[in-house]
Amino acid sequence: EAEVAQSPRYKITEKSQAVAFWCDPISGHATLYWYRQILGQGPELLVQFQDESVVDDSQLPKDRFSAERLKGVDSTLKIQPAELGDSAMYLCASSLGLASGANVLTFGAGSRLTVL
Amino acid sequence: DQQVKQNSPSLSVQEGRISILNCDYTNSMFDYFLWYKKYPAEGPTFLISISSIKDKNEDGRFTVFLNKSAKHLSLHIVPSQPGDSAVYFCAASAPGGGNKLTFGTGTQLKVEL
């Protein structure tokens, strides 16, 4: 069964350091999403790509977060500098396209970030 | 502004009985609703969905009911099994939203033997 691959699974870093997460979506999925889930809360969208273009990054803290999907396939989410409040699970998901309701999002296993 | 709400953070049921998980939403533009299940240290996995043009969708032990006038949906699991113990998230999307999902805060279901 096709999966969304994410790495690393776990990352511990000190505040003010830089961290990066990688995601490889299901082959052929044009739309890629980065969500953040804080413990006890639901996932919240950070950024959405359609192929290599950003569709929605309205909730991305752009002073410290950046995301790219240069060739429209895999993607990297970067945080610099990391803050204590960034401790969360970072989830990548992909879907076939943008049609509302037509496509289910498939999530990866996530990258758990702990900022000390 | 929490557009999708799951007011019960936890639910405990006995094996074999029915589990009912509830979800309320405020955005009348939502036209597609999904339920995801999440085990610890894993990503959410899709369970079942329903379009706003329907009021019920069934898949094996799982049934989702939608009451648009009340802006309420529920997930029924019958019979409940220990392997169903997980966090369940309700999610919704709206037209023009690029298939972006808005999630509730989740309900922790525990199915006891």
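Residues numbered from 1 in each chain as written. Chains lettered and ligands numbered in written order. Predicted model: local features only at pLDDT ≥ 70, side-chain atom pairs only at ≥ 80, totals over all residues. Heavy atoms only, no water.

Undergrad: Sorry, what's going on with the sheet that holds strand S7 (residues 62-67) of chain B here?
TA: The strands making up a sheet associate through backbone hydrogen bonding, with each pair oriented either parallel or antiparallel. Residue and element names in this part refer to chain B. The strand order across the open sheet formed by five strands is S1-S3-S8-S7-S6, and the pairing between neighbours is antiparallel. At either margin of the open sheet sits one strand with a lone partner, and together these are strand S1 (4-5) and strand S6 (56-59). Pairing analysis gives six bridges linking S7 to strand S8 (residues 72-77), with the strands arranged antiparallel. Its bridge partner being in S8, Phe-62 is matched across the sheet by Ile-77. (Pairing = 2+ DSSP bridges. Helix = DSSP H or I, 4+ residues; strand = E, 2+ residues; numbered from the N terminus.)

Undergrad: Any chance you could explain unusual backbone geometry here in plain terms?
TA: Across residues other than glycine, the phi torsion is negative in most instances, and most of the peptide bonds are trans. With an omega of -10°, the peptide bond running from Ser-7 of chain A to Pro-8 of chain A counts as cis. Note on placement: Pro-8 of chain A falls in the loop between strand S1 (5-7) and strand S2 (10-13). The peptide bond linking Val-78 of chain B to Pro-79 of chain B adopts the cis configuration, its omega dihedral lying at -10°. Phi angles above zero are rare outside glycine, and Asp-51 of chain A is one such case at about 55°. Along the chain, Asp-51 of chain A falls in the loop between strand S5 (44-50) and strand S6 (53-56). With phi around 50°, Lys-71 of chain B is a residue other than glycine that occupies positive phi space. When you line up the elements, Lys-71 of chain B lands in the loop between S7 and S8. Relative accessible area serves as the criterion here: at 27%, Lys-71 of chain B is assigned to the partly exposed category. (Buried < 20%, exposed > 50% of the residue type's maximum accessible area, 1.4 Å probe, protein only.)

Undergrad: In this structure, what is going on with the pairing of S7 of chain B? I would like to understand it.
TA: Consecutive side chains of a regular strand alternate in pointing toward one face of the sheet and then the other. Residue and element names in this part refer to chain B. As paired strands, S6 and S7 are joined by four bridges and run antiparallel to one another. Across the sheet, Lys-56 pairs through a bridge with Phe-65, a residue of S7. In textbook terms, the turn of a hairpin is the stretch between consecutive antiparallel strands, and for S6 and S7 this stretch comprises two residues, one of which, Gly-60, has a positive phi near 65°. In sequence, S7 turns back onto S8 through a hairpin of four residues, with Lys-71 there showing a positive phi of about 50°.

Undergrad: Explain the environment of Tyr-90 of chain A to me, please; I cannot follow it from the model alone.
TA: Residue and element names in this part refer to chain A. With respect to the secondary-structure elements, Tyr-90 resides in strand S9 (residues 88-95). The buried category is assigned to Tyr-90, whose relative accessible area is 0%. Linking Tyr-90 and Arg-112, residues 22 residues apart in sequence, is a C-alpha distance of 6.3 Å. Aside from chain neighbours lying at most four places away, what touches Tyr-90 is Gln-6, Phe-21, Tyr-35, Arg-36, Leu-46, Phe-65, Leu-77, Ile-79, Gly-110, Ser-111 and Leu-113. Here Asp-86 takes part through its backbone oxygen, which lies 2.7 Å from a polar atom of the side chain of Tyr-90. (Contact = heavy atoms within 4.5 Å. Polar contact = N/O pair within 3.5 Å; in protein donor to acceptor, adjacent residues only side chain to side chain.)

Undergrad: Would you mind showing me how to read the pattern of salt bridges here?
TA: Opposite charge on two side chains makes pairing possible when the charged atoms of those side chains draw close. All names here are of chain A. A complete count under the given rule lists six salt bridges over all chains for this structure. A salt bridge links Lys-62 to Asp-57, with the nearest nitrogen and oxygen atoms 3.7 Å apart. On the accessibility criterion, Asp-57 (26% relative accessible area) is partly exposed. A salt bridge links Asp-86 to Arg-64; its shortest N-O distance comes to 2.6 Å. One end of the pair, Asp-86, is in the loop between strand S8 (75-79) and S9; the other, Arg-64, is in the loop between S6 and strand S7 (65-68), with 22 residues separating them in the sequence. A single burial state applies to Asp-86 and to Arg-64, both of which are buried. Among the ionic contacts, a cluster of salt bridges with common partners joins Arg-36, Arg-64, Glu-83 and Asp-86. (Salt bridge = Lys/Arg side-chain N within 4 Å of Asp/Glu carboxyl O.)

Undergrad: Explain the packing of aromatic side chains here, please?
TA: Any pair of aromatic rings gets described here by the distance separating the centres and the angle formed by the planes. Applying the stated rule across the entire model yields 13 aromatic pairs over all chains. Site record: aromatic cluster; members linked through ring pairs are Tyr-33, Tyr-35 and Phe-107 of chain A together with Tyr-36, Phe-46, Phe-89 and Phe-103 of chain B. (Phe/Tyr/Trp six-rings, centres within 6.5 Å; stacked < 30°, edge-to-face > 60°.)

Undergrad: So what exactly am I meant to see when it comes to the state of the cysteines here?
TA: In protein structure, a disulfide is the covalent linkage between the sulfur atoms of two cysteines. Taken as a whole and assessed by the stated rule, the structure comprises two disulfides over all chains. Between the sulfur atoms of Cys-23 of chain A and its disulfide partner Cys-92 of chain A the distance amounts to 1.9 Å. A torsion of -70° about the S-S bond marks the disulfide between Cys-23 of chain A and Cys-92 of chain A as left-handed. Of the two residues, Cys-23 of chain A sits in strand S3 (residues 19-24) while Cys-92 of chain A sits in strand S9, which places them 69 residues apart along the sequence. Residues Cys-23 of chain A and Cys-92 of chain A agree in their burial class; the two are buried. There is a disulfide in this structure between Cys-23 of chain B and Cys-90 of chain B, and the S-S distance comes to 2.1 Å. (Disulfide = S-S within 2.5 Å.)

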